[in-house]
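Below, each chain spelled out in residue letters.
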Amino acid sequence: MRVVIAEDDALLREGLALLLQTAGIDVIAVVDNADDFLAVVVADRPDAVVVDVRLPPTFTDDGLRAAVRARAVHPGLPVLVLSSYVEDSYAAELLGDGGGGVGYLLKERVGRVDRFLESLHRVAAGGTAMDPEVIAQLLVRRKADDPLSTLTVREREVLALMAEGQDNSAIAERLTVTEGAVLKHIRSIFAKLGLSADESGHRRVLAVLAYLNARPGHTRE
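Thoughts on the overall build of the chain
Thought 1: Helices and strands together make up the secondary structure of the chain, namely ten helices and six strands.
Thought 2: Relative to all contacts within the chain whose residues are 6 or more apart in sequence, the contacts with residues 24 or more apart total 67%.
Thought 3: Per element, the accessible surface of the chain, about 10000 Å² overall, is 51% carbon and sulfur.

Spelled out as structure tokens, the structure:
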């Protein structure tokens, strides 16, 4: 797997590069700004990218905007966002484009190297890897009349785990319930959100993410 890293913090940038290289991943470029990131994506067409939200020159959402543009010029490019912030303005476009291969992890919550590498491989394979805190914040930012407000506490828990990329058996284990109960909750979620009950695997996760980000609150951290 050929990966590009876009991160303005020098220590984290070099640490990520060393981590991925040690895991046998080919880091073809390490950049610290959005312009260089886009240039590398266009020139080298990597298999996946790891990008921070806040990059030069404005240190607001340059990295996320660049990731959206990168997916436009390189359709289906797997993007793993690694950030300290939940920035939902362009996250809506990135997560909800239906192309697959997206992830959003919070730096301070990545506690294990193996889980980070698992998330990167999942995204590179076309799946999703969402930090549950990201999903929680997106849920909180919904309007009061949004259908998400009709979900029960348990259904929100199931939805968050689905967005992490967990399958039904993993969700059942995490919540200490049966797989049949999980399936019942998922059917209820899809019904309340008006989503097709026929979705499966990563497609169902993408459908949920697309809905979550269809009408973002544009709240900035």
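Quick word on the nonpolar core
Thought 1: Grouped together as the largest cluster of nonpolar side chains are 31 residues, with contacts concentrated most on F37, V49, V51, V79, V81, L94 and Y104.
Thought 2: Counting 17 residues, the second-largest nonpolar core is a separate cluster that includes V3, L16, V27 and A48.

Some points on the packing of helix α1 (residues 10–22) against helix α5 (residues 113–124)
Thought 1: One way to put it is that α1 packs onto α5 with a least axis distance of 12 Å and a crossing angle of 80°. Put simply, α1 runs roughly perpendicular to α5. Where α1 abuts α5, its residues L16, L19 and L20 lie against V113, F116, L117 and L120.
Thought 2: A breakdown of the residues in the contact of α1 with α5 according to their chemical character gives seven nonpolar, no polar and no charged.

Considering the packing of helix α8 (residues 168–175) against helix α9 (residues 179–193)
Thought 1: The geometry of α8 relative to α9 is characterised by a closest axis approach of 8 Å and an angle of 105° between their N-to-C directions. By the criterion of interaxial angle, the relationship of α8 to α9 is roughly perpendicular. Of α9, the residues touching α8 (which contributes N168, S169, I171 and A172) are E179, V182, L183 and I186.
Thought 2: For the contact of α8 with α9, the residue count by class is five nonpolar, two polar and one charged.

Description of the sheet that holds strand β5 (residues 102–106)
Thought 1: Strand order in the open sheet made by the six strands is β2-β1-β3-β4-β5-β6, with parallel pairing throughout. The sheet terminates laterally at β2 (26–31) and β6 (128–130), the two strands that pair on one side only. The mean inter-strand angle of the sheet, taken between neighbouring strand axes irrespective of direction, is 15°.
Thought 2: Bridge count for strand β4 (residues 79–83) against β5 is five bridges, and the pairing is parallel. Paired with S83 across the two strands is L106, which belongs to β5.
Thought 3: In this fold helix α2 (residues 34–44) packs onto β1 (2–6), β2 and β3 (48–51), with an angle of close to 145° to the strand it touches most, β2.

Considerations on α5
Thought 1: Between its first and last C-alpha, α5 extends 17 Å over twelve residues, near the 16 Å set by a 1.5 Å rise per residue.
Thought 2: Those residues of α5 that fall on the buried side of the exposure criterion are F116, L117, S119, L120, R122 and V123.
Thought 3: Positive backbone phi, at 100°, marks G126, one or two positions downstream of α5.

Analysis parameters
- Residues numbered from 1 in each chain as written.
- Predicted model: local features only at pLDDT ≥ 70, side-chain atom pairs only at ≥ 80, totals over all residues.
- Heavy atoms only, no water.
- Helix = DSSP H or I, 4+ residues; strand = E, 2+ residues; numbered from the N terminus.
- Contact = heavy atoms within 4.5 Å.
- Areas by Shrake-Rupley, 256 points an atom, 1.4 Å probe, with all protein chains shown as cover.
- Core = buried A, V, L, I, M, F, W, Y, C linked by side-chain atoms within 4.5 Å.
- Buried < 20%, exposed > 50% of the residue type's maximum accessible area, 1.4 Å probe, protein only.
- Axes fitted to C-alpha atoms, helices over the stretch in contact; angles between N-to-C directions.
- Parallel < 35°, antiparallel > 145°, perpendicular 65-115°, else oblique.
- Nonpolar A, V, L, I, M, F, W, Y, C, P; charged D, E, K, R; others polar.
- Pairing = 2+ DSSP bridges.
- Expected span 1.5 Å × (residues − 1).

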